[in-house]
Amino acid sequence: MHFQIWFYFADLDGDHSDGWAGHVHIGVQQVLRGLGRSVLIPAGTIDAQMIAVLQRERPSGVVLLESWYSGFSSQTLVQAAAALAIAGIPTVSFGESDLACDRVCSDHAGGAQALTAWLISQGRRRHLHLWPEVPDPPWRQRRLEGHAAALAAAGLPRPMMESVEWQNGLESFDRMVVTLAGHLVPHLLAAEPIDAVVAMIDSHVPAICAALKRCAREPGRNVSVVGYDANWPEASVRVRCPLPPAASIDKNN
């Protein structure tokens, strides 16, 4: 008898960055099919009608895949997980929402802690986070906690933070460099200048490195720049400044 596993990907706004979450979607399907299970992927998001079908058909399990941004506060997923729990249908989610089911998510705190520990091992002790102004999803807070934990373990203060109105893409690269330079200058001219910049993602590293060069600092020599998500090969803006991050974290999605 084949098991039936239903996959739902809650894309509520149609505009999201999945951080390779799609690789998890594909990987789970491959594993289940390799075990001889039937995998059913309904079109659209899970709603009351689909929940009713699941309650009637009773598949062996349901996998809920969140949208990278909209999923955090998705009442659709919350209601679906609760209904499936009441029905006794095994359910697991991949993502950040606190749902009434088992959950798998990246160890954001552990990754950030490892990245900061590496910077400290390289003698970099004064860190600046140049991150875009975005709402605070759960992963962001856990990453900040991980960075702070590594610094505290080394007897160092919490990292300095600068929130930036980030503009992505080649057409806005020069404007982004000027903006970042303005954020960097006070920290570079301080009595104890920064010696490391932590980008939120690898694709932000080129603009940060270009801004450092504009401030007469040499990335990698005066200041180390690290990224996250290991997506450097996919960063189109690297053609403008091909200096890769000194280190990054691959979430292994």
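Residues numbered from 1 in each chain as written. Predicted model: local features only at pLDDT ≥ 70, side-chain atom pairs only at ≥ 80, totals over all residues. Heavy atoms only, no water.

1. Side note on the pattern of salt bridges
And then number 1: Applying the stated rule across the entire model yields 5 salt bridges.
And then number 2: Linking Arg126 and Asp195 is a salt bridge whose minimum nitrogen-to-oxygen distance equals 3.8 Å. Of this pair, Arg126 sits in the loop between α4 (108-121) and β6 (127-132) while Asp195 sits in the loop between α6 (173-188) and β8 (196-199); the two residues are 69 residues apart in sequence, bridging distant segments of the chain. (Salt bridge = Lys/Arg side-chain N within 4 Å of Asp/Glu carboxyl O. Helix = DSSP H or I, 4+ residues; strand = E, 2+ residues; numbered from the N terminus.)

2. Let's talk about the packing of α4 against helix α5 (residues 138-153)
And then number 1: Direction vectors running N to C along α4 and α5 enclose 35°, while the axes themselves pass 7 Å from each other. Along this stretch, α4 crosses α5, giving a crossing that reads as right-handed. Here His108, Ala109, Ala112, Gln113, Leu115, Thr116, Ala117 and Ile120 of α4 lie close against α5, whose contacting residues are Trp139, Arg142, Arg143, Gly146, His147, Ala149, Ala150 and Leu151.
And then number 2: Classifying every residue of the contact of α4 with α5 by side-chain character gives 9 nonpolar, 5 polar and 2 charged. (Axes fitted to C-alpha atoms, helices over the stretch in contact; angles between N-to-C directions. Left-handed = near helix turned anticlockwise from the far one by under 90°. Contact = heavy atoms within 4.5 Å. Nonpolar A, V, L, I, M, F, W, Y, C, P; charged D, E, K, R; others polar.)

3. Some thoughts on the pairing of strand β3 (residues 61-66)
And then number 1: Across the 6 residues that make up β3, a large majority, 6, are buried.
And then number 2: Residues Gly61, Val63 and Leu65 point to one face of β3 and Val62, Leu64 and Glu66 to the other, with burial holding for every one of them.
And then number 3: Across 4 bridges, the pairing between β3 and strand β4 (residues 91-94) is parallel. If you follow Val63 over to β4, its bridge partner there is Val92. (Buried < 20%, exposed > 50% of the residue type's maximum accessible area, 1.4 Å probe, protein only. Pairing = 2+ DSSP bridges.)

4. What to know about the sheet that holds β8
And then number 1: Read across the open sheet, the 4 strands follow the order β7-β6-β8-β9; overall the sheet is parallel. Each of the sheet's edge strands pairs with one partner strand only, and the pair in question is β7 (160-164) and β9 (224-226). On average, each strand axis in the sheet is inclined to that of its neighbour by 20°, with strand direction left out of account.
And then number 2: Bridge count for β6 against β8 is 4 bridges, and the pairing is parallel. Each bridged residue has a counterpart across the sheet, and for His129 the counterpart in β8 is Val198.
And then number 3: Strands in contact with α4 are β6, β8 and β9; relative to β9, the strand with the most contacts, it is inclined by about 165°.

5. Here we look at the packing of helix α2 (residues 48-57) against helix α3 (residues 75-87)
And then number 1: Relative orientation of the contacting elements α2 and α3 amounts to 20°, with a least axis distance of 10 Å. Between α2 and α3, the angle is such that the two are roughly parallel. Where α2 crosses over α3, the two elements pack in a sense that is right-handed. Along its contact with α2, which presents Ile51, Leu54 and Gln55, the element α3 presents Gln79, Ala80, Ala83, Leu84 and Ala87.
And then number 2: Tallied by class, residues from the contact of α2 with α3 come to 6 nonpolar, 2 polar and no charged. (Parallel < 35°, antiparallel > 145°, perpendicular 65-115°, else oblique.)

6. A short note on the confidence of the model for the chain
And then number 1: Overall, the prediction assigns the chain a mean pLDDT of 88, with 89% of residues at 70 or greater.
And then number 2: Every residue in residues 11-17 is under pLDDT 50, and counting partners more than four places away or in other chains gives 17 contacts. (pLDDT = per-residue confidence, 0-100.)

7. Comments concerning unusual backbone geometry
And then number 1: Residues other than glycine seldom take positive phi values, yet Arg58 does so here, at roughly 50°.
And then number 2: Among the secondary structure elements, Arg58 is positioned in the loop between α2 and β3.
And then number 3: For Arg58, a relative accessible area of 43% gives the class partly exposed.
And then number 4: Here Asp229, not a glycine, exhibits a phi torsion of approximately 80°, which is positive.
And then number 5: Since its relative accessible area comes to 11%, Asp229 is described here as buried.

8. Brief notes about α2
And then number 1: Every buried residue of α2 is accounted for by Met50, Ile51 and Leu54. Viewed along the axis of α2, the buried residues span an arc of 100°, placing them on a single side of the element. Facing away from the buried surface of α2 by more than 90 degrees, the exposed residues are Ala48, Gln49 and Arg56.
And then number 2: Two residues or fewer after α2 comes Arg58, characterised by a positive phi angle close to 50°. (Arc of directions from axis to C-beta.)

9. Re the side chain of Asp195
And then number 1: Accessibility expressed as a relative area gives 7% for Asp195, which makes it buried.
And then number 2: A distance of 3.1 Å separates the side chain of Asp195 from the backbone nitrogen of Arg125, its partner in a polar contact.
And then number 3: Setting aside anything within four residues of it in sequence, one finds Asp195 in contact with Gly123, Arg124, Arg125, Arg126, His127, Asn222, Val223 and Ser224. (Polar contact = N/O pair within 3.5 Å; in protein donor to acceptor, adjacent residues only side chain to side chain.)

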